[in-house]
Amino acid sequence: MSAEELLNQYGNEYVQALFTTWKLTAISFSAAFVIGIIVTVMRVSPIKPLNAAGEFYIQVFRNISGTALLMLVVYALPYINVVLSYFSCVLVVTILIPSAFCSEYIMSGMNTIGRGQFEAARALGLTFMQIIYRIVLPQSLRASVLPLTNLAVSTMLTTALASQVPMKPTDLTGIVSYINTHAVGGVTAFVISAMMYLATALFIGWVGNRIDQKVRILR
Amino acid sequence: MDHKADVIIELKQVNKFFGEHHVLKDINLSVKKGEVVVIIGPSGSGKSTLCRTINRLETIDGGEILIDGEEMPSEGKKLAEMRAKVGMVFQSFNLLAHRTILDNVTLAPIDVLHKPKKEAQAEAMQLLKRVGVDSQAAKVPAQLSGGQQQRVAIARALAMHPEVILFDEPTSALDPEMINEVLDVMTSLAKDGMTMLVVTHEMNFARRVANRVIFMEDGAILEENTPEAFFANPKTERAKAFLETVTVH
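These numbers were taken from a predicted model, which means no experiment stands behind them. (Residues numbered from 1 in each chain as written. Chains lettered and ligands numbered in written order. Predicted model: local features only at pLDDT ≥ 70, side-chain atom pairs only at ≥ 80, totals over all residues. Heavy atoms only, no water.)

Draft legend 1. Focus on the nonpolar core. All names here are of chain B. Membership of the largest hydrophobic core comes to 49 residues, with the highest contact counts inside it found for I40, L128, I154, F167, M186 and M196. Of all the elements, helix α6 (residues 176-191) adds the most residues to this core, at eight residues. Sequence-distant contacts of F167, defined by excluding residues within four places in its chain, comprise C51, V89, I154, M186, L189, M196, L197, V198 and V199. (Core = buried A, V, L, I, M, F, W, Y, C linked by side-chain atoms within 4.5 Å. Buried < 20%, exposed > 50% of the residue type's maximum accessible area, 1.4 Å probe, protein only. Helix = DSSP H or I, 4+ residues; strand = E, 2+ residues; numbered from the N terminus. Contact = heavy atoms within 4.5 Å.)

Below you can see the structure in the form of structure tokens.
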């Protein structure tokens, strides 16, 4: 089938799949961002058990494959009576793994902050949480906009895991399998999805660059 | 009259080690209200470390540090409260890179002293005017010269109404032409009665402004005297040798 025929016949499904991918990406990245911040604060806090818990979290979710984690969530969680919808199963994976990377990126952003600024803040009588809230997070987040933009793109690509479970409506990768089991889409069906991923990634990259230019810290 | 009431900083038998290295040896020191005490000595003599132990930016391994007669705790909220009473000006300015000059000065009054924002800003503008950088209030630190940044750092310390300000080599990172603008501000503070402990290599400042000069070497206080007596007639050979290396002929 030609691209035109595919779009005529499966246009609606493609649009639905695109929206599903967008939805998964938006929810996953937002949640990963929040969790990434919390885990980072745990890792730099003066409370030792929190440091250890944060490091453990990072090591686990940075070093597990998405497919393996998805299988665990889908097939193992029901044994402890946690039965999630397929959509939620995918979300768990696409939140947990990017959140570990998010924390790593924020940590590297933190290294750009001069140590003297912490000393000055301590000397002024700011508490740990005030230092985190006033200095560490604003500066490390502003310094890590570009890596976090890459993370948003890679989170979007990770949502392709949705194609591994029978989720309805399915995502941009799942739609290709769907079409190819119902018709002969061949490589063209893939290419259409790929273009949609590409367009989304370019948009994310453009937004990331704009934000970076706006918030970049003059040094 | 209890003369102790006037003592703002008191160090008793303070000792500190960096590993095997004994960096502060039985330091006893007191600074009275309104006094300007200048610490001089060769690099590595422990003078900066001493300055930094006073508000516990460095831990100590023995002895006591009292601020206003109260022992400085080693951590926690109480430490933060007491640190607020002791201003500090650093060699490298350490202004917050992402905030404006005005924000840098108002941050601690708002966050630590819980002043209303308007009031904090009005006072900050007065202080910036006093140190001569009020026209730069809306800029960020990287847009200012070193001398201007250091004057902002002094305004930031003043905004907390500290009982004493510690200066840790405040002019050592500055280009020569900017040193005087910072020293002038410090001199005017001293004239207004601010209690100051200054670690510096600026011998002329010590001569003109200090009430007392402390000479340190190898982590110990070797001499303590009025600037007139110290510079005219140092008692130890080491102080003599040090002064010969720094005096401009």
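Structure shown, so let's carry the discussion forward.
Draft legend 2. Up close: the packing of helix α1 (residues 3-44) of chain A against helix α6 (residues 128-143) of chain A. Residue and element names in this part refer to chain A. α6 packs onto α1 with a crossing angle of 125 degrees between their chain directions and a minimal axis gap of 12 Å. By the angle between their directions, the pair α1 and α6 is classed as oblique. As for the relative orientation of α1 and α6, their crossing is right-handed in sense. Within the contact between the two elements, α1 uses F33, I37, V41 and V44 and α6 uses F128, I132, L137 and L141. Residues of the contact of α1 with α6, tallied by class, amount to eight nonpolar, no polar and no charged. (Axes fitted to C-alpha atoms, helices over the stretch in contact; angles between N-to-C directions. Parallel < 35°, antiparallel > 145°, perpendicular 65-115°, else oblique. Left-handed = near helix turned anticlockwise from the far one by under 90°. Nonpolar A, V, L, I, M, F, W, Y, C, P; charged D, E, K, R; others polar.)

Draft legend 3. Quick peek at the interface of chain A and chain B. Residue-level contacts link 20 residues of chain A with 26 residues of chain B. Surface buried jointly by chain A and chain B totals about 2,000 Å² across both partners, of which 59% is contributed by carbon and sulfur atoms. Broken down residue by residue, the surface that chain A buries against chain B is led by A123(A), L124(A) and R134(A), which jointly contribute 30%. Counting every contact that joins chain A to chain B gives two salt bridges. (Buried area = accessible area lost by both parts, 1.4 Å probe. Salt bridge = Lys/Arg side-chain N within 4 Å of Asp/Glu carboxyl O.)

Draft legend 4. Looking closely at the environment of T25(A). Residues and elements named next belong to chain A. By the secondary structure assignment, T25 is in helix α1. T25 sits 18 residues away from R43 along the chain, and the two C-alpha atoms are 26 Å apart. Look past the residues within four positions of T25 in its chain and what remains in contact with it is A152, T155, M156 and T159. Here the side chain of T25 touches T21 through a polar contact of 2.6 Å, landing on its backbone oxygen. (Polar contact = N/O pair within 3.5 Å; in protein donor to acceptor, adjacent residues only side chain to side chain.)

Draft legend 5. Layout of the sheet that holds strand β2 (residues 21-32) of chain B. All names here are of chain B. Strand order across the open sheet formed by four strands is β2-β1-β4-β5, with antiparallel pairing between neighbours. Two strands lie at the open edges of the sheet, namely β2 and β5 (70-71), each paired on one side alone. Note that strand β1 (residues 7-18) and β2 share eight bridges and pair antiparallel. Residue pairing for β2: V14 is matched across the bridge by I27. (Pairing = 2+ DSSP bridges.)

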